[in-house]
Each structure stands twice: as C-alpha cells, then as structure tokens.
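Structure assessment
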Amino acid sequence: MKSLGNKWLIKNRWWTIVGALFVVFLAMAIWSYCKDKHIAQWLQLLTLTSFVVFVIGLCNTLTNIFSLRKKENGITWCQIIILLSIGLWILGFILIFNIQSGNNNTIVFGIIGGLLTLIFQDKIKGVVTFIHLRANNLLNIGDWIQVPKLGVDGEVRKVTLTTVTLYNWDTTTSTIPISTLHADHFINLQHMSSGKTYGWRIDKTFIVDTECFHTISQQEADMFKSEDFNKQHNILDFLPENEIKEGALNARMYRLYLYHWLMSQPDVSQLPRLVVKWIDQVKEGMQLQMYVFIITNNLDDFEWHQSLVIEHVMESLGWFGLRLYQRPSSYDENTKEAAL
C-alpha cells in the first residue's frame, strides 16, 4: 500500500506540489490577514490561483479518464468546472483588491477586457463551439468524423474546451481546434457506421467513351438473346427481353442492365434510393453515375463489396460494346506508331 502511494505521488507530483502550495498559501494568508493587509491580499491571490490551477489540473486528468471510458456527462461537467474556476479567479481578484467601479477603473477594465478578448479569441470561440456541440449532441467520444478542409478522417478520442483529438485511420493522431468544427464543414459518420442508416453509400461516376455508343443490329440483338451468351454472362436475368431489339441504344441497355443487377444483389439496399443515370457530358465522354447503399456497418465489408461492384461495372461494359474513357498515354501513342 505504501508503494502504491509513493507511485501516485511521483506520477502526479505536479498536482501534489500545487495542492501543497495551496495549503501553505492559505495558512500564510490567514496568519497575515491580521498583520499586514497588503501582504495578505497577495497571499490570498496566490492561494486562490493555486486552488484554481489544482482544480483545472484535476479536471483535465478526469477528462482523460472519462474520454477513455466514453463518459460524456463527466467530460462536460469537468469542462464546466474549468470555466467556473476561471470565473472564480476573476471574481476573487476583484474582491481581494476591492476593485470598485469608477471612471478610471472602467477605462482600465475596458482596455484589459479588449486585450484579453484579442489574445484569447480562439479559446472563446472554442468554448462557444464546445457548448454548441454538447448541447445539440453533435459530437461524442468514439464518433467517426471527417473534416475535409484539414484532411482529418478518424475517431474522436478526446474533447476539451479548446481541442479535439482524433485517431486517424492511417494510425496517426490529430489534434485540431474545436472551433474549426463550428466555423468549417465537418461530417459525422457515426450513425452510418453504427448501422443506424440504410447502409454505406457508393457514389461513383464512370466516364464512358461516346465513340462506343451505337444502336444495335438484329444480329447483335440475337447474340444477346442466345443461350451460349447468357450462359456466360446471364444478361437476360437482369435485362428485360423486350428491351433487346434492333435499333436499341447499347448505352440505354447497359444502364437498365446495371440497375436491375444492383437491385438483385443481397448486399445492396434499395432504400433510401438506388440510382443509375447518365449525367452531364464532359469532353472525355458521357458520365454514368451509380448511387447506391451497401448494407453493412463494417468498413472492411463495405470496401470489399464496393470493389466487387466497381469490378463488375468494368467487366460488364464490354459485353455491351462499351468502354471507359482513358486519356491516351505514351503506351497508346507508341502502339499507334508501331501499327503505322
């Protein structure tokens, strides 16, 4: 037991020293109050300061503990106590030195207040943001958030009045000003990762080379309906046969095929929406957008199923005579020259 006590004192020596100074200053202030009023005032201020520092240090230590245990109410109360302690120090300073309102004091207070506001404006913004986030339950320990402007993407590990500490998915740690979450856009993905939504979203756009767009001939229509072709690709399982006819646009047939193929997949949610559509044309070609939700709350599963879907898109495009656009590379140029 004695060994444990010594270890605690060594580990928390700073808080032990501050606590001891508080007791010493308090005793000296009480003794000096009857002897010399001016000395007593400064001792009282030192006593108050050591007490406030001790309380802030204790609250910061408890915040770390509550963060590990994901006790949100404990964190909030610790930060509130820190604010109250700072307010107590300011009030105590005024009372100890008996500062009263007056023309001179008003000017001094105004100057000091302006300087403090300028110096601590970031901390003031942080306090406002902390209260806003906690009051509206917008950020909790363990939430997965993204801050695009700062390139932050990870799990919240600690929240204080001024900072947010995150453990990123690349195993690094980031500490950002909490005021950033109020001034800039951030995304909270926790509901999605907890399975409280329809799933994780895939929003991909593929640029298809428009040189491949054409209306199919009767011979191509017969090929799509042939038994051998469907044994290999199963297109008729996902594309209505009445859509396969001479004069049909291969791009339209592929869009319908992909839509019905996605609807048939057990890991793809049809809610809140499942969209496969052509969007604005760009100079490289036509853009095919795929907007679907994968039913999972696990990141690894989502990435696996997303890759399978994208791979099927790349594979099935060729069945309809389509191809993705790729900017010509040096290999393409060399191939053309060799052919000539």
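Our structure is the block above this text.
Attention here is on the structure that accompanies the text. Per chain, the residues get numbers from 1 upward, laid out in the order the sequence is written. Reporting of local features is limited, given that this is a predicted model, to residues whose pLDDT is at least 70; pairs of side-chain atoms are given and counted only at 80 or more, and all residues count toward the totals for whole chains, interfaces and linings. Calculated side-chain values reflect all of the structure's heavy atoms, with hydrogen atoms and water omitted.

Our focus in this paragraph is the pattern of salt bridges. Salt bridges are defined by distance alone: a side-chain nitrogen of Lys or Arg within 4 Å of a carboxyl oxygen of Asp or Glu. Under the counting rule described, the total for this entry stands at five salt bridges. Between Glu 155 and Arg 157 there is a salt bridge, and its shortest N-O distance comes to 3.9 Å. Relative accessible area serves as the criterion here: at 39%, Arg 157 is assigned to the partly exposed category. In this structure, the salt-bridge partner of Arg 323 is Asp 209, at a minimum N-O distance of 3.3 Å. Linking Arg 323 in the loop between helix H12 (299–317) and helix H13 (330–339) with Asp 209 in the loop between strand S6 (200–208) and helix H9 (218–225), this pair joins segments that are 114 residues apart in sequence. What you see here is one network of salt bridges that share partners, running through Asp 209, Glu 211 and Arg 323. With a 1.4 Å probe rolled over the protein chains alone, any residue whose accessible area is under 20% of its type maximum counts as buried; one over 50% counts as exposed, and the rest are partly exposed. A run of H or I in DSSP counts as a helix once it spans at least four residues, and a run of E counts as a strand once it spans at least two, with each numbered from the N terminus.

This part takes up the layout of surface pockets. Put plainly, a pocket is an open set of points on a 1 Å grid over the protein atoms alone with protein on both sides within 12 Å along at least five of seven lines, a cavity is a set where a 1.4 Å probe fits but cannot get out, and a lining residue has an atom within 4 Å of a point. Grid points are joined across faces, edges and corners, and a volume is the space filled by probe spheres set on the points. Of the voids in this model, the second largest pocket is the one considered here, and its volume is about 410 Å³. As for the second largest pocket, its lining consists of 19 residues, and the residues nearest its centre are Leu 189, Met 192, Trp 200, Arg 201 and Phe 302. Among the secondary structure elements, those contributing two or more residues to the lining of the second largest pocket are strand S1 (144–147), S6, strand S9 (285–294) and H12. Only Asp, Glu, Lys and Arg are considered charged, only Ala, Val, Leu, Ile, Met, Phe, Trp, Tyr, Cys and Pro nonpolar, and every remaining residue, Gly among them, polar. Taken together, the residues of the lining of the second largest pocket sort by class into twelve nonpolar, three polar and four charged.

Here we take up the sheet that holds strand S4 (residues 173–177). The strand order across the open sheet built from five strands is S4-S3-S2-S1-S5, with neighbouring strands paired in antiparallel fashion. Where the open sheet ends on each side, the last strands, each with one partner, are S4 and strand S5 (187–188). For two strands to pair, DSSP has to find at least two bridges joining them. Relative to S5, S1 is paired through two bridges, and the arrangement is antiparallel. When the bridges of S5 are listed, Ile 145 appears paired with Asn 188.

A separate point is the packing of aromatic side chains. Note on aromatic contacts: the rings of Phe and Tyr and the six-membered ring of Trp form a pair at centre separations within 6.5 Å, being stacked when their planes are under 30 degrees apart, edge-to-face when over 60 apart, and tilted otherwise. Enumeration over the complete set of coordinates arrives at twelve aromatic pairs. Between the aromatic rings of Phe 224 and Phe 229, the centroid separation amounts to 5.5 Å while the plane-to-plane angle is 90°, which identifies the pairing as edge-to-face. Assessed through its relative accessible area of 13%, Phe 229 is described here as buried. The structure contains a cluster of three or more aromatic residues connected by ring pairs, namely Phe 224, Phe 229, Phe 238, Tyr 254, Tyr 257, Trp 319 and Phe 320.

Next up on the list: the nonpolar core. Ranked by internal contacts, the top residues of the largest apolar core, which has 38 residues, are Tyr 254, Tyr 257, Leu 262 and Phe 320. Of all elements in the fold, only S6, H9, helix H11 (250–264), S9 and H12 reach the threshold of two or more residues within this core. For this core, the leading source of residues is H11, giving seven residues. Marked domain ranges trace back to an automatic or database domain assignment. Residue contributions to this core reach at least three from each of two domains, namely domain 2 (144–193) and domain 3 (200–320). We call two residues in contact when some of their heavy atoms are within 4.5 Å. Tyr 254 has contacts with Leu 288, Val 313, Ser 316, Leu 317, Phe 320 and Leu 322, leaving out every residue within four places of it along the chain. Buried residues of nine kinds, namely Ala, Val, Leu, Ile, Met, Phe, Trp, Tyr and Cys, make up a nonpolar core once their side-chain atoms join them within 4.5 Å. Phe 66, Val 159, Ile 178 and Leu 181 belong to the second-largest nonpolar core, a separate cluster that totals 23 residues.

This part takes up the side chain of Ser 174. With respect to the helices, strands and loops of the structure, Ser 174 is situated in strand S4. Polar contacts, as used here, are pairs of N or O atoms within 3.5 Å; protein pairs need one atom able to donate a hydrogen and one able to accept it. Residues neighboring in sequence count only if both atoms are side-chain atoms. A polar contact of 2.7 Å, which involves the side chain of Ser 174, links it to the side chain of Asn 168. If we ignore the near neighbours within four places in the chain, the residues touching Ser 174 are Val 152, Val 164, Thr 165, Leu 166 and Asn 168.

Glancing now at the pairing of S1. Summarising the sheet, S1 and strand S2 (residues 152–159) pair through four bridges and their orientation is antiparallel. The residue of S2 that forms the bridge with Gln 146 is Asp 153. Linkage of S1 to S2, two consecutive antiparallel strands, is achieved through a turn of four residues, within which Gly 151 is found at a positive phi near 70°.

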